[in-house]
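One letter stands for each residue in the lines below.
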Amino acid sequence: MKYVLVTGGVVSGLGKGVTASSIGLLLKSCGLRVTSIKIDPYLNTDAGTMSPFEHGEVFVLDDGGEVDLDLGNYERFLDITLTRDNNITTGKIYQSVLEKERKGEYLGKTVQVVPHITDAIQEWIERAAMIPVDGNEGPADVCVIELGGTIGDIESMPFIEALGQFSYHVGPGNFCLVHVSLVPVLNVVGEQKTKPTQHSVRGLRGLGLTPNILACRSTKALDDNVKEKLSQFCHVPAENIVTLYDVPNIWLIPLLLRDQKAHEAILKELNLLGTAMEPDLTEWTDRTKVYDMLHDPSFTLQVKIAMVGKYVGLKDSYLSVLKALLHASVYHRKKLLVEWVEASHLEDTTAEEDPETFKAAWNHLKGADGILVPGGFGDRGVQGKILAAKYARESNVPFLGICLGMQIAVIEYARSVLGLHNANSAEFDPKTPNPCVIFMPEGSKTHMGGTMRLGSRRTYLKVPDCKSAMLYGDATFVDERHRHRYEVNPDMISELEAAGMSFVGRDESDRRMEIVELPSHPFFIGVQFHPEFKSRPGKPSALFSGLIAASCGQLDSLLNKSSHISKTVGSGMSNGKATYKAHQNGNYSNGLNGSLNGVCMNGNGMHH
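In this text, all values refer to a predicted model and were calculated from it rather than measured experimentally.

### Digging into the sheet that holds strand E5 (residues 87-89)
Pairing within the open sheet is parallel, and its 7 strands lie in the order E5-E2-E6-E1-E7-E10-E11. Each edge of the sheet is formed by a strand with only one pairing partner; in this case those strands are E5 and strand E11 (241-245). Neighbour to neighbour, the strand axes of the sheet diverge by 20 degrees on average, direction disregarded. Together, strand E1 (2-8), strand E2 (34-40), strand E6 (142-147), strand E7 (175-182) and E11 form the strand contacts of helix H1 (residues 16-29), whose direction differs from that of E6 by roughly 175 degrees. Seen against the sheet, helix H6 (residues 157-170) touches E1, E2, E5, E6 and E7 and runs at an angle of roughly 145 degrees to E7.

Rendered as structure tokens:
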């Protein structure tokens, strides 16, 4: 096994995740099998209990792991399926060591950070690196490891010590360190300054790690004299110093690395020059060209989606949803415009306190071609989400509700159509006489971490001619990832269906509702699972593709295409690998990076 470690210096937010993903993609294009590990130095066992405002979205894996959003970047970029062990946290390491201590496995020893914590880190890395993630048997050829945080952080110290020991343990030719650093340009003098990177590398070397490659973030390409200066003071060959300068399209980063022959530098350090092929990024280049075409100012075919959420203050809270929308819009050759609507701004309270904000929120909602209500927890903004679902239902606007978005659609229908004005979720009103949504029997009310219904679960499509089944290529079942504590009350299903709702997708027990549709509506679908987590460029989520198609007036042609393809290639979808190719497009077959590029947003312009 070969290892590539990506670290960051000077400041956070330099793009280590994009760099690590780009390196993985570049090595994969050379014919190598690649896996990834993300190290997060925080004490939390996993990301499951963190607020989206604190750490961005919680990404859910097939095995139910609640992990850092960077693992979503890796999965999209490399089209792989990772496990919870591919995300290492300080909490996990200390928990495993303390469990061993309690069992007496260190009997007679004084348990310390060195060697016990550092040994546990190294053992975890070696074990996780051996897990197959690409659907093939046997371990990958290269493991790309991203160390979160910035060199010098106190919480990272045990990991840096462990990685220093690990580089010695695996030996020369098996370990390559890529250090991402900042080369700022001061506006006053317009000169690229190398001192921050020099200090960062000096600190890294003082901690026992020596970088083999420098990836320098800057506003423009590094001048030759700047490279020479960095080479001299950082002891890195000039040909091993690459520039990751600001680009309008972040899909260019793997191409930048290839053009600067970063793959040759890495392969040389790993003794793989003789076995790896020349990188083939033809499909990636084609995708970049299509992206540029869609975002050319002269390109006018666009689709506007209103995202009605409660964490819109931090766009990373909905990163996978944005990516799934982007995948689908690229498939349909439309420029994606996202109108961010804070759910609480649609409520009467805002109308009284801030009429202008209230009016602007409703104008954004009513001006959209389609409406998406993503997941969330807690009662803040719920009434606004219910109003958005009501507007979409009554105005025949395409609607997709995810997790909580499905639950509020059911609540709205019960209130408006069944006349149960006090209908609610037990999450928001435990004493409601008409609980449309209830706490799952197997859930825990005392422990929050890892106690939800998590990971890939099978949904059986009960109505063959429903829109969801047709979008999934006439599949009889789909495997999608879940993350929820509450579910639609099965005791109210018959009453809701008698009033016109259709619960077309259910679990194996037939009592847990997974997909709901309104047959009388052009496109109104709610799902308990999170289809965004398995969306890939070239293989966009079926439901997101349906939302974009419906919002563009192209749903019928998409349904016909999906149904036609399904008749020749199969009827199921499992573990992120479609057994049919309802949404396969040969021009887009690789994963997508984790940035917000490709999405235009109200009030924020283009995000690159």
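### Section: the side chain of Asp-70
You can see Asp-70 is positioned in helix H3 (residues 69-78). Not counting chain neighbours up to four residues away, the residues in contact with Asp-70 comprise Gly-17, Lys-38 and Glu-146.

### Let's talk about the layout of surface pockets
Put simply, the second largest pocket is a space of about 450 Å³. Along the wall of the second largest pocket there are 24 residues; nearest its centre are Pro-52, Val-58, Tyr-311, Phe-377 and Arg-483. Among the residues forming the lining of the second largest pocket, the class breakdown is 13 nonpolar, 7 polar and 4 charged.

### Regarding the confidence of the model for the protein chain
Chain-level pLDDT for the protein chain is 89 on average; 91% of the residues reach the 70-or-more range. Overall, residues 575-596 carries pLDDT values under 50, and its contacts beyond four positions in sequence, including any with other chains, amount to 99 contacts. Within the model, pLDDT remains below 50 along residues 603-608, and this stretch shows 16 contacts once partners closer than five positions in the same chain are excluded.

### Focus on the pairing of strand E12 (residues 302-309)
Across the 8 residues that make up E12, a large majority, 6, are buried. Two strands pair when backbone bridges link them, and E12 and strand E13 (residues 335-342) are joined in this way by 8 bridges, in the parallel orientation. In the strand pairing of E13, Gly-309 is matched with Glu-342. Bridge count for E12 against strand E14 (residues 370-373) is 3 bridges, and the pairing is parallel. Note on E14: the bridge partner recorded for Met-307 is Leu-372.

### As for a nonpolar patch on the surface
Taken together, the side chains of Leu-43, Tyr-94, Leu-98, Val-113 and Val-114 make up a nonpolar region of the molecular surface, amounting to roughly 450 Å² of accessible area. Elements with a minimum of two residues in the nonpolar patch: helix H4 (90-103) and helix H5 (113-129).

### Quick word on empty space enclosed by the protein
All chains considered together, the criterion is met by 5 cavities of 30 Å³ or more. Counted as a void, the second largest cavity has a volume near 60 Å³. Residue lining of the second largest cavity: Gly-376, Phe-377, Cys-403, Leu-404, Gln-407, Glu-427, His-484, Arg-485 and Tyr-486, and that is the complete set. Tallied by class, residues from the lining of the second largest cavity come to 4 nonpolar, 3 polar and 2 charged.

### Remarks on helix H11 (residues 282-294)
The terminal C-alpha atoms of H11 lie 19 Å apart, and with 13 residues this matches the ideal 18 Å at 1.5 Å per residue to within 8%. When we look at burial in H11, the residues that qualify are Trp-284, Arg-287, Thr-288, Val-290, Tyr-291 and Leu-294. Each buried residue of H11 lies within a common arc of 165 degrees when the element is viewed along its axis, so the set occupies one face.

### Some remarks on the packing of aromatic side chains
Per the counting criterion, the structure on display carries 12 aromatic pairs. Connected via pairs of aromatic rings, a cluster forms that spans Phe-77, Trp-251, Trp-284 and Tyr-291. Geometry around Phe-477 places Arg-458 over its ring, the cationic atom sitting 3.9 Å from the centre.

### A look at helix H12 (residues 319-331)
Residue pairs three or four apart in sequence face the same way in an α-helix, which turns once every 3.6 residues. Compared with an ideal rise of 1.5 Å per residue, which puts 13 residues at 18 Å, H12 spans 18 Å between its outermost C-alpha atoms and is within 8% of the ideal. Taking burial as the measure, the 13 residues of H12 include 13 buried ones, the bulk of the element. After H12 finishes, the residue Arg-333 shows a positive phi value of roughly 60 degrees.

### Topic: the nonpolar core
One finds Val-4, Leu-325 and Leu-372 to be the most contacted residues of the largest nonpolar core, which totals 97 residues. A total of 8 residues in this core trace back to one element, the largest contributor, which is H12. Contact partners of Val-4, with chain neighbours within four places excluded, come to Ile-23, Leu-27, Val-142, Cys-143, Val-144, Ile-145, Cys-176, Val-178, Ile-266 and Leu-270. Met-406, Ile-408, Tyr-486 and Met-513 belong to the second largest nonpolar core, which has 44 residues in total.

About the criteria used
- Residues numbered from 1 in each chain as written.
- Predicted model: local features only at pLDDT ≥ 70, side-chain atom pairs only at ≥ 80, totals over all residues.
- Heavy atoms only, no water.
- Pairing = 2+ DSSP bridges.
- Helix = DSSP H or I, 4+ residues; strand = E, 2+ residues; numbered from the N terminus.
- Axes fitted to C-alpha atoms, helices over the stretch in contact; angles between N-to-C directions.
- Contact = heavy atoms within 4.5 Å.
- 1 Å grid on protein atoms, 1.4 Å probe; cavity = no way out; pocket = protein on both sides within 12 Å on 5 of 7 lines; lining within 4 Å.
- Points joined across faces, edges and corners; volume = space filled by probe spheres on them.
- Nonpolar A, V, L, I, M, F, W, Y, C, P; charged D, E, K, R; others polar.
- pLDDT = per-residue confidence, 0-100.
- Buried < 20%, exposed > 50% of the residue type's maximum accessible area, 1.4 Å probe, protein only.
- Patch = residues over 30% accessible without salt bridge, like charges linked within 9 Å, V, L, I, M, F, W, Y side chains within 5 Å.
- Areas by Shrake-Rupley, 256 points an atom, 1.4 Å probe, with all protein chains shown as cover.
- Salt bridge = Lys/Arg side-chain N within 4 Å of Asp/Glu carboxyl O.
- Expected span 1.5 Å × (residues − 1).
- Arc of directions from axis to C-beta.
- Phe/Tyr/Trp six-rings, centres within 6.5 Å; stacked < 30°, edge-to-face > 60°.
- Lys NZ or Arg CZ within 6 Å of the ring centre and 35° of its normal.
- Core = buried A, V, L, I, M, F, W, Y, C linked by side-chain atoms within 4.5 Å.

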